[in-house]
2 protein chains.
Amino acid sequence: MADVGISVGLDVGGTKVLGVAFDADGRVVAEDRRPTPRGDGSLPKLIDTLADLADRLGPYDELGVGVPGLVTQTGVLRAAPNLDGVADFDVAGLLGARLGHRVRVDNDATCAAVAEWLHGAGQDASDMVLVTLGTGIGGGVIAGGRLVRGKHGFAGEYGHMVVDPDGPPCPCGRRGCWERYASGSGLARLAREAAVGGRVHRVLEIAGGDPEAVRGEMVMQAAREGDTDALAVIDEFGRWVALGLVNLTNTLDPERFVLGGGLAAGADLYLGPITTWIPELIYEPELRPLPEVRFARWSERAGAVGAALLHIVHG
Amino acid sequence: MADVGISVGLDVGGTKVLGVAFDADGRVVAEDRRPTPRGDGSLPKLIDTLADLADRLGPYDELGVGVPGLVTQTGVLRAAPNLDGVADFDVAGLLGARLGHRVRVDNDATCAAVAEWLHGAGQDASDMVLVTLGTGIGGGVIAGGRLVRGKHGFAGEYGHMVVDPDGPPCPCGRRGCWERYASGSGLARLAREAAVGGRVHRVLEIAGGDPEAVRGEMVMQAAREGDTDALAVIDEFGRWVALGLVNLTNTLDPERFVLGGGLAAGADLYLGPITTWIPELIYEPELRPLPEVRFARWSERAGAVGAALLHIVHG
């Protein structure tokens, strides 16, 4: 690491590719973005886009890319629901050949975990778990001062941890996955159920009277107005977030959780419920230090910053 | 490790303490046991028992102890439901002072994971998860070629992972913990429910007609006779085991699970259901190598053998 001057990180999202140049002092010294190519023939164009952004942000000593989906240890994107036509797309190989430079690739949420661990809310924690609460749930695990990648590179997919086998169907094809409850779409679903059940009048009013139009932000808005029905939905949401964090604590015993993703904007509303529910749900709460819960530092740049730092954590 | 000749491991169970001497070639060269002291004043007696066993199995270069309960990184047993009067019992400190030798201490299931990883069914796996299926569920995690201990030493307690928040109550005070379904007591509960529901006639017959007398072994016996009702209970049991293994796979992406504990004796009956259910429950089964499931090598000596090997895996 001492020899690295500038490292570039690129984060491929469903709508845009964000790139940053990161220096040895932990600062973003340049930033740029491009639309994510879509439709037929978009994959070669994506490599063009990545190469172009890397060139503009360089020269660099290290280059990393974060991508949404299952990524193998060698940087092949197996599948990505939000990118067109991806199947075994060798991002590391293709981009590396194009640029004549080693390219490290990992899942975007894993990159975010690396960013928060090395230069964010997870700093100085030997055992940290990042959970991104967005449309779904993503994650990355640091255990004993090392990134846990898993045998094939697929660790951290606990959004699909089953927390109720009879729960609502998940787009992944199964039922009751944690992200059906504890994500942005989970919050909206909990609120819609409350609306259909005749609760959350204020939320329904904001949604123009249509329960199907209820979204997570409307619950937040009503909760900020002090609406007790909306606060009850937030409490239920916090309980589901806590339940998954507790399952991860029983497995990994981290000292700290870092919560990121789009829902971090509502942190002030549900940090209280989450930290109240953890001791109610955890094994032997009186005999152990409870894990800290903090919100992410990097927000939308987390993936790109972490991609720039992959050279530190990949073996 | 090259300098270690004999290491001694002691495994404290609810009824007996088992000790082994382990040599550099991976063999148990001596074995001894004592009853676990019970009742008032049993803790000083337990230190006597451990010291006596260590002396008898020595001389040794390394000494380790496995204990049932939450163990801190420094070898203090915070709590142990199956030992009398334990609260912050400093096994490593007290036994170390008594013997004038460094003593390493860890949870008994963590020790079993170490035994299977270094000299058993988990050998050559960089990412392995041990699950002991007994009265409850215990565990230990190897990730990226290292033991995951957690910040406080409490990793691997996934028996208390909640898989159904409205499920049956657990002695831990919560509901729907994995071990309510996938342990020996879980199998018995599934069978009792089937018996009360008028299914599993043969199992009920073996139990003398009393649904409350149904135990896991009776289901196994009926299943071995080919009873289809009993086989259906085994299938349901296998689904619950698989569900927890899948949750752990989504989190840790291990290449291999090793199943140990008392229920390993019925391995031939439920290995089929478990491996059939895994692809039904896992995220993106068609895009990933599925984890292998093997049964443990060491059976009742796993804890003692792993305790003898703690010097290799503790930092």
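This is a predicted model, so every value here is computed, not measured. (Residues numbered from 1 in each chain as written. Chains lettered and ligands numbered in written order. Predicted model: local features only at pLDDT ≥ 70, side-chain atom pairs only at ≥ 80, totals over all residues.)

## Observations regarding the overall build of chain A
Consideration 1: The secondary structure content of chain A amounts to 11 helices and 12 strands.
Consideration 2: Its C-alpha atoms give chain A principal-axis dimensions of roughly 60 × 50 × 35 Å.
Consideration 3: Within chain A, buried positions represent 56% of all 315 residues.
Consideration 4: Excluding contacts between residues fewer than 6 apart, the proportion of contacts in chain A whose partners are at least 24 apart in sequence is 61%. (Helix = DSSP H or I, 4+ residues; strand = E, 2+ residues; numbered from the N terminus. Buried ≥ 20, exposed ≤ 12 C-beta atoms within 10 Å, placed from the backbone. Contact = placed C-beta atoms within 7 Å.)

## Regarding helix α5 (residues 184-196) of chain B
All names here are of chain B.
Consideration 1: Its 13 residues give α5 an end-to-end C-alpha distance of 18 Å, which sits within 8% of 18 Å, the value for a rise of 1.5 Å per residue.
Consideration 2: Where α5 is concerned, the buried positions are Gly184, Gly186, Leu187, Ala188, Leu190, Ala191, Arg192, Ala194 and Ala195.
Consideration 3: Structurally, α5 contributes buried residues whose contacts are with β8 (128-133), α4 (179-182), α6 (201-206), α7 (216-224) and α8 (228-252).
Consideration 4: Two residues or fewer after α5 comes Gly198, characterised by a positive phi angle close to 85°. (Expected span 1.5 Å × (residues − 1).)

## Examining the sheet that holds strand β2 (residues 16-22) of chain A
Strands belonging to one sheet form pairs held by backbone hydrogen bonds; the direction of such a pair is parallel or antiparallel.
Residues and elements named next belong to chain A.
Consideration 1: One open sheet accounts for five strands, arranged β3-β2-β1-β4-β7; its pairing is mixed. The sheet is open, and its two borders are formed by β3 (28-35) and β7 (104-107), each paired with just one other strand. Averaged over all pairs of adjacent strands, the angle between their axes in this sheet comes to 20°, without regard to strand direction.
Consideration 2: Across five bridges, the pairing between strand β1 (residues 7-12) and strand β4 (residues 62-67) is parallel. Its bridge partner lying in β4, Gly9 is registered against Gly64.
Consideration 3: Strands in contact with helix α3 (residues 108-119) are β1, β4 and β7; relative to β7, the strand with the most contacts, it is inclined by about 100°. (Pairing = 2+ DSSP bridges. Axes fitted to C-alpha atoms, helices over the stretch in contact; angles between N-to-C directions.)

## A short note on the relation of the copies chain A and chain B
Consideration 1: Mapping chain A onto chain B calls for a screw motion: a turn of 180° about the axis and a shift of 0.0 Å along it, with 0.0 Å RMSD after fitting. Taken together, these values place the two copies in the relation of a two-fold axis. (Least-squares fit on C-alpha atoms with pLDDT ≥ 70 in both.)

## Some words on the interface of chain A and chain B
Consideration 1: Counting residues at the interface gives 41 residues for chain A, matched by 41 residues for chain B.
Consideration 2: For the side of chain A that touches chain B, the elements supplying multiple residues, two or more each, are β6 (77-79), β10 (146-148) and α8 (228-252) of chain A.
Consideration 3: A per-element tally of the side of chain A that touches chain B places α8 of chain A first, with seven residues.
Consideration 4: Residue composition of the side of chain A that touches chain B, by class: 21 nonpolar, eight polar and 12 charged. (Nonpolar A, V, L, I, M, F, W, Y, C, P; charged D, E, K, R; others polar.)

## Re the environment of Asp84 of chain A
Residue and element names in this part refer to chain A.
Consideration 1: Checked against the element boundaries, Asp84 lands in the loop between β6 and α2 (91-99).
Consideration 2: Look at Asp84 and you get partly exposed, because 15 C-beta atoms sit within 10 Å.
Consideration 3: Between the C-alpha atoms of Asp84 and Gly41, which are 43 residues apart in sequence, the distance is 8.9 Å.
Consideration 4: Discounting chain neighbours no more than four positions away, the residues touching Asp84 are Arg38, Gly39 and Ser42.

## Some points on the nonpolar core
Consideration 1: Core analysis: the largest hydrophobic core is formed by 221 residues, its most contacted members being Ala191, Val203 and Val219 of chain A together with Ala191, Val203 and Val219 of chain B.
Consideration 2: Dropping the residues within four chain positions of it, Val219 of chain A is found in contact with Leu187, Ala191, Val203, Ala230, Val233 and Ile234 of chain A. (Core = buried A, V, L, I, M, F, W, Y, C linked by C-beta atoms within 7 Å.)

## Thoughts on the domain arrangement of chain A
All names here are of chain A.
Consideration 1: Taken domain by domain, chain A consists of domain 1 (7-116 + 301-313) and domain 2 (125-296).
Consideration 2: Here the C-alpha centre of domain 2 lies 27 Å away from the C-alpha centre of domain 1.
Consideration 3: Of all the secondary-structure elements, those providing two or more residues to the side of domain 1 that touches domain 2 are β5 (70-71) and α3.
Consideration 4: If you tally residues by element for the side of domain 1 that touches domain 2, the top one is α3, at seven residues.
Consideration 5: A per-class count over the side of domain 1 that touches domain 2 returns eight nonpolar, four polar and two charged. (Domains from an automatic or database assignment.)

## A look at the sheet that holds strand β12 (residues 292-295) of chain A
Residues and elements named next belong to chain A.
Consideration 1: Spatial ordering of the open sheet is given by β10-β9-β8-β11-β12, a layout of five strands whose pairing is mixed. Each of the sheet's edge strands pairs with one partner strand only, and the pair in question is β10 and β12. For this sheet the average axis-to-axis angle between neighbouring strands, irrespective of direction, equals 25°.
Consideration 2: As paired elements, strand β11 (residues 256-260) and β12 share four bridges and run parallel to each other. By the bridge assignment for β12, Leu259 is matched with Phe295.
Consideration 3: Where α3 meets the sheet, it contacts β8 (128-133), β9 (137-143), β10 and β11, and its direction lies at approximately 50° from that of β9.

## Overview of the environment of Gly39 of chain B
Consideration 1: Its location among the elements puts Gly39 of chain B in the loop between β3 (28-35) and α1 (42-57).
Consideration 2: The spacing of Gly39 of chain B and Ser183 of chain B is 144 residues in sequence and 28 Å in space, taken between C-alpha atoms.

## Some details on the pairing of strand β9 (residues 137-143) of chain B
All names here are of chain B.
Consideration 1: Taking burial as the measure, the seven residues of β9 include seven buried ones, the bulk of the element.
Consideration 2: Bridge count for β8 against β9 is six bridges, and the pairing is antiparallel. Across the sheet, Val129 pairs through a bridge with Val141, a residue of β9.
Consideration 3: The turn joining β8 and β9, which pair antiparallel and follow one another in sequence, is formed by three residues.
Consideration 4: Bridge count for β9 against strand β10 (residues 146-148) is three bridges, and the pairing is antiparallel. Within β10, the position partnered with Ile142 by the bridge is Leu147.

## Observations regarding α8 of chain B
Consideration 1: The end-to-end C-alpha distance of α8 of chain B, which contains 25 residues, comes to 35 Å, matching closely the 36 Å that a straight helix rising 1.5 Å per residue would cover.
Consideration 2: With its phi angle positive at about 50°, Asp253 of chain B sits one or two positions after the end of α8 of chain B.

## Focus on the environment of Ala109 of chain B
Consideration 1: Looking at where Ala109 of chain B falls in the secondary structure, it is placed in helix α3 (residues 108-119).
Consideration 2: The spatial distance from the C-alpha of Ala109 of chain B to the C-alpha of Gly197 of chain B is 35 Å, given a sequence separation of 88 residues.

## Observations regarding the pairing of strand β11 (residues 256-260) of chain B
Residues and elements named next belong to chain B.
Consideration 1: In terms of burial, β11 is largely enclosed, as five of its five residues are buried.
Consideration 2: What you see with β11 is no split at all: Arg256, Val258 and Gly260 on one side and Phe257 and Leu259 on the other are buried throughout.
Consideration 3: Sheet topology note: the β8/β11 ladder contains five bridges and is parallel. Note on β11: the bridge partner recorded for Val129 is Phe257.
Consideration 4: Crossover β11 to strand β12 (residues 292-295) through helix α9 (residues 267-281) is right-handed. (Right-handed = clockwise from strand over helix to strand, strands pointing away.)

## Considerations on the packing of helix α5 (residues 184-196) of chain A against α8 of chain A
Residues and elements named next belong to chain A.
Consideration 1: α8 packs onto α5 with a crossing angle of 135° between their chain directions and a minimal axis gap of 10 Å. Taken together, the axis directions place α5 and α8 in an arrangement best described as oblique. Note that α5 runs across α8; the crossing there is right-handed. Across from Gly186, Leu187, Leu190, Ala191 and Ala194 in α5, the residues of α8 making contact are Asp229, Val233, Glu236, Phe237 and Trp240.
Consideration 2: In terms of residue class, the contact of α5 with α8 is built from seven nonpolar, one polar and two charged. (Parallel < 35°, antiparallel > 145°, perpendicular 65-115°, else oblique. Left-handed = near helix turned anticlockwise from the far one by under 90°.)

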